[in-house]
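# Survey of secondary and tertiary structure
These are the residues of each chain, in order.
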Amino acid sequence: MSKIGVFVCHCGTNIANTVDVERAVASARELPGVAFASEYKYMCSEPGQQMIKDAIEEYGLDRVVIASCSPRMHETTFRKMLKDTKVNPYMLEIANIREQCSWVHTDKAKATEKAIRLIRMSVAKAARDEPLFASSIPIEKRALVIGGGIAGIQAALDIADAGHEVALLEREPSIGGKMAMLDKTFPTLDCSACISTPKMVDAGAHPNIKLLTSCEVVKTEGYIGNFQVTIRRNARYVNHDICTGCGLCETKCPVKTDSEFNHGLSKRPAIYKLFPQAVPSKPVIDKNSCLKLTKGKCGVCEKVCPLGCIDYADEDREFTETFGAIVFATGYELIDWTALYGEYGGGRYPDMLTGLQFERLVNASGPTEGHIVRPSDGKEPKTVAIVKCVGSRDPKKGKSYCSRACCMYAAKHAHQILDKLPGTRVFIFYIDVRTPGKGYEEFYDQTRKDGAIYVRGRISKIYKDGDKLVCNGEDTLLGKQVKVMADMVVLETAMTPSSGIEELATMFGVARDVNDWIQEAHPKLRPVETQVGGVFLAGTCQGPRDIPDTVAHASAAAAKVVSLLNKSEMETSPMISVVRREHCCGCGACEKICPYTAITLEEIDDRVGAKRVKRPIASVNSGLCQGCGACTAACRTGAIDLLGFRNAQILEEVDALCL
Amino acid sequence: MSVKETNDPKIIAFCCNWCTYTGADLAGLNRSHYPENVHIVRVPCSGRVNPQFILRAFRNGCDGVMVCGCHPGDCHYSTGNYFTRRRFTLMKRLLEYNGIDPGRFHARWISGSEAGKFRDTAEEVTAMVRKLGPNTRYREYARREMSADE
Ligand SMILES: Cc1cc2nc3c(=O)[nH]c(=O)nc-3n(C[C@H](O)[C@H](O)[C@H](O)COP(=O)(O)OP(=O)(O)OC[C@H]3O[C@@H](n4cnc5c(N)ncnc54)[C@H](O)[C@@H]3O)c2cc1C
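Cut-offs used in this document
Residues numbered from 1 in each chain as written. Chains lettered and ligands numbered in written order. Predicted model: local features only at pLDDT ≥ 70, side-chain atom pairs only at ≥ 80, totals over all residues. Heavy atoms only, no water. Salt bridge = Lys/Arg side-chain N within 4 Å of Asp/Glu carboxyl O. Buried < 20%, exposed > 50% of the residue type's maximum accessible area, 1.4 Å probe, protein only. Domains from an automatic or database assignment. Contact = heavy atoms within 4.5 Å. Buried area = accessible area lost by both parts, 1.4 Å probe. Polar contact = N/O pair within 3.5 Å; in protein donor to acceptor, adjacent residues only side chain to side chain. Helix = DSSP H or I, 4+ residues; strand = E, 2+ residues; numbered from the N terminus. Nonpolar A, V, L, I, M, F, W, Y, C, P; charged D, E, K, R; others polar. Pairing = 2+ DSSP bridges. Axes fitted to C-alpha atoms, helices over the stretch in contact; angles between N-to-C directions. Near = heavy atom within 4 Å. Right-handed = clockwise from strand over helix to strand, strands pointing away. Core = buried A, V, L, I, M, F, W, Y, C linked by side-chain atoms within 4.5 Å. Patch = residues over 30% accessible without salt bridge, like charges linked within 9 Å, V, L, I, M, F, W, Y side chains within 5 Å. Areas by Shrake-Rupley, 256 points an atom, 1.4 Å probe, with all protein chains shown as cover.

All names here are of chain A. In this structure the tally under the stated criterion is 44 salt bridges over all chains. Of the charged contacts in the structure, one is a salt bridge between D377 and K379, with a shortest N-O distance of 4.0 Å. Of the charged contacts, one joins D641 and R646 as a salt bridge, the two residues approaching to 3.4 Å between their closest N and O atoms. Residue D641 is classed as buried on the basis of its relative accessible area, which comes to 11%. Through salt bridges with shared partners, a single network forms among D351, R374, D377, K379 and D467.

Residues and elements named next belong to chain A. Along its sequence, chain A is organised into domain 1 (4–127), domain 2 (135–234 + 316–331 + 499–572), domain 3 (236–314), domain 4 (335–496) and domain 5 (577–643). Placing the centre of domain 2 and that of domain 3 at their C-alpha centroids yields a distance of 28 Å. Between domain 2 and domain 3, the residue contacts involve 16 residues of the former and 11 residues of the latter. Together, the buried faces of domain 2 and domain 3 total about 1200 Å²; carbon and sulfur atoms form 64% of this surface. Considering only the surface of domain 2 that becomes buried against domain 3, P173, S174 and M181 emerge as the three largest contributors, covering 38% of it. In this structure, the connection of domain 2 to domain 3 is made through zero salt bridges. Joining domain 2 to domain 3, the criterion identifies four residue pairs in polar contact (both at pLDDT 80 or more). In terms of residues, the side of domain 2 that touches domain 3 owes the most to one element, helix α7 (residues 192–205), which gives five residues. Taken together, the residues of the side of domain 2 that touches domain 3 sort by class into eight nonpolar, six polar and two charged.

With that out of the way, let us pick up the sheet that holds strand β27 (residues 488–493) of chain A. All names here are of chain A. The parallel open sheet is built from five strands, whose spatial order is β20-β27-β21-β22-β23. Edge positions in the open sheet fall to β20 (352–354) and β23 (453–456), since each of these has one partner strand only. Across the sheet, the mean angle separating the axes of adjacent strands is 20° when strand polarity is ignored. The strands touched by helix α13 (residues 406–420) are β21 (383–390), β22 (425–430), β23 and β27; relative to β21, the strand with the most contacts, the crossing angle is about 175°.

A few words on the site of the ligand. All names here are of chain A. Near the ligand you find 36 residues, and of these E170, Y332, K412, T540 and R545 are the closest. At a separation of 2.9 Å, an oxygen atom of the ligand approaches a polar backbone atom of F186. Here an oxygen atom of the ligand and a side-chain polar atom of T540 are 2.6 Å apart. Contributing elements (two or more residues each) for the shell around the ligand: α6 (150–161), β8 (184–185), β19 (332–334), α12 (355–362), α13 and α16 (547–565). In terms of residue class, the shell around the ligand is built from 15 nonpolar, 12 polar and nine charged. Both domain 2 (135–234 + 316–331 + 499–572) and domain 4 (335–496) contribute no fewer than three residues apiece to the shell around the ligand.

So, on to the sheet that holds strand β2 (residues 34–40) of chain A. Residues and elements named next belong to chain A. Sheet architecture is open: four strands sit in the order β2-β1-β3-β4, paired in parallel fashion. Edge positions in the open sheet fall to β2 and β4 (92–96), since each of these has one partner strand only. Across this sheet, the average inter-strand angle for adjacent strands is 15°, counted without regard to direction. Of the strand pairs in this sheet, strand β3 (residues 63–68) and β4 are connected by five bridges, and their pairing is parallel. Each bridged residue has a counterpart across the sheet, and for I66 the counterpart in β4 is I94. Relative to β2, helix α1 (residues 21–29) is tilted by about 170°, and along the sheet it contacts β1 (4–9) and β2. On top of the sheet, helix α5 (residues 108–126) reaches β1, β2, β3 and β4; it is set at about 165° to β4, its chief contact.

The next thing to look at is the pairing of β22 of chain A. All names here are of chain A. Within β22, five of the six residues are buried, which leaves it mostly tucked inside the rest of the structure. Pairing geometry for β21 and β22, over five bridges, is parallel. Each bridged residue has a counterpart across the sheet, and for I386 the counterpart in β22 is I428. For the handedness criterion, the β-α-β arrangement of β21, α13 and β22 is classed as right-handed. In terms of handedness, the path from β22 via helix α14 (residues 440–450) over to β23 forms a crossover that is right-handed.

Bringing the interface of chain A and chain B into the picture now. In this assembly, 45 residues from chain A lie in contact with 43 residues from chain B. Carbon and sulfur atoms make up 58% of the surface buried where chain A meets chain B, a total of about 4000 Å² over both sides. Of all residues in chain A, R72, Q100 and W103 of chain A bury the most surface against chain B, accounting for 15% of the area lost on that side. Counting every contact that joins chain A to chain B gives three salt bridges. One salt bridge connects R56 of chain B with D655 of chain A, and the closest N-O pair in it is separated by 2.9 Å. Taken together, the links from chain A to chain B amount to 18 residue pairs in polar contact (both at pLDDT 80 or more).

If you look at the biggest cluster of nonpolar residues, it comprises 76 residues, and the most contacted ones within it are I159, L168, I209 and I386 of chain A. The element contributing the most residues to this core is α13 of chain A, with eight residues. Counting 75 residues, the second-largest nonpolar core is a separate cluster that includes L118, I119 and V123 of chain A together with F14 of chain B.

Where nonpolar side chains cluster on the molecular surface, the patch consists of L55, L94 and Y97 of chain B and spans about 340 Å² of accessible area. Relative to the helices and strands, L94 of chain B resides in helix α3 (residues 80–97).

What follows is the structure, given as structure tokens:
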């Protein structure tokens, strides 16, 4: 028989005014298993706690029920108190007779009856409490940042500056992300390269940062503090250990293929650096366009390389490393409008550009050295139409959400055109203009003063007439049809999550929202955490945002990582799921329902009669389990149970109430 | 076993720790009054509530059962309450089949800030259950089982 001590708190008059504490104590004394019951003015106070400790000693209590305020208030206090006694801190139940009784009821007799029932329920549950032990897991003091855009770079730098090792993983041959492609950045119009390349160089040179470019995550195991991540380094065919990045090979390569960085507006060789300021500043060979690798001929780069860095036999290589924390910084891509907007020509007209193509076009290091000219004939446009919300705020065709940065960069694009080609007519088609942010509204106002013509309405059709792109739409403010004969059209298209996010998120057990952006743990209070312990979020992988917000988000994620890595070990809650192997039928229902991929089916050797068999049973990873108990409700045989909230304990509470 | 004949229903409310339990605590802080009939059982997540708990409550003569959790999409454990929702749509039908008026069972989403909603729900459910009268459906059965136990 258990020896339960029941301690009823007056909470000054907060409880005692509405609940007859003495009666509650007297009735608790009668309950099975109760060895001692008493009351005090303030249980949480020093003398209150001492009284409990003394009673534990004196009456040899092995578990405790405290009837007081909400457990959300003082459960931790009383658990801490029990650490100094013989009673295990988890052999504690709290009957909430303040928030859920004395404060919400007025009739003293009825409130007392209810308090008695609540105490009875807690006593019944406590009788089935068992000692639980928090385990601590060691923390590997290294972080992995996935994605080398400005978010990843910022997070990596902050973590590294705090003294921890970071691996910055990027699937492209260089870090930099979209920011490296931009020309100027709103609202201050400082040159993007001038502010981002120094950060890239810092990241490349930082003693605590290891760059893993041309790399992808292929597998991951483990949990907070101990993620074993298998990474594939895609073959580069260039030995970066000896390459100095002199660039001779690039100039001699005979191949010309579309440049990804310039979004097809220019060509690049098969051996290439993503862009001139790439970090690392060393080339790789694109195996899909290299003549030697596709057809077996050529080999020019090998011949010209003064250091013998070229290695056509290079292969993809996999390796596994351990990290204590993970940061997702996989960014965004632009929606493929060509598939969605047939009425805009579906990508047939070369003088229709996406926002990022336009960024490359106005960029001094871009394909035209910053001259705004039509890709088709190299002529300067006299009339430009900028169309916003292509794929954004358009649930029928694209996404229902607002892509947040476009109103501002559309204004920026208009400004850049008017600045470089004064006298050009620039029309901006919009649904609403949204410019919240420091200096943003002023920037938009200035663009209008510069001469940009804002037309409220969507463009319904764009077609070619001679060398003009005819944009048909409606001015919804005037209620009139409009037709603009444009020389160039810029489509400000929706941001969507990076390709491959689904696989990556699934690997780590991280949830995605309805639009596939990574789901943060709480939309307001935990914006940089995921619901998986040790996995954090930085930048646009969580949703569209501009650079200032991305950087702030990334630094916040880094702060979370640092505070985790600063500990050498972490206590984990012992209130997690456990499997009774002999009852488990291996159906896997728990595995499917678990939001944390904490449950896997494991093959075990078993016997059926005299026969040896192998059968699957559920196994819980204690590092991943967060104790939600979803699995317990899904289990058909009752084999899986939640420590601290066992089926039997909850049933005891139910029975105790109905008694 | 003493099931009182008075029409003072016993109602059990399984509340998730993160939303509804917090909301109920807030109702306390606000001194919002609701009937003494509602008794809260704290569970980590509404997804933890096994249909078995509800059946047991009704079998033992509990007059009403509530399962309350975070709003869909707000679950502390990301997806738990979606399962709750699906599971308890089925549950209502199972109860009906077993002769328990589905008006005795309510699944509700109440967030940590919705103290008022908690109070209103407690009042509403109590009133509804009171109207249905005591749940005597399995009393004989339970009584027999109890005496067999002894
Ligand atoms: C046309 C245009 C103009 C803009 N102009 C401005 C402006 O003027 N001012 C402003 O503040 N904002 C502007 N923005 C917004 C700005 O681009 C973003 O806020 C910012 O670049 C987001 O950075 P990020 O690091 O989150 O994402 P990204 O820059 O997209 O970086 C993500 C990185 O992760 C890598 N990656 C993705 N998936 C994986 C994977 N599975 N494994 C490994 N690596 C992966 C990608 O290759 C990429 O390098 C503009 C956006 C557009 C489209």
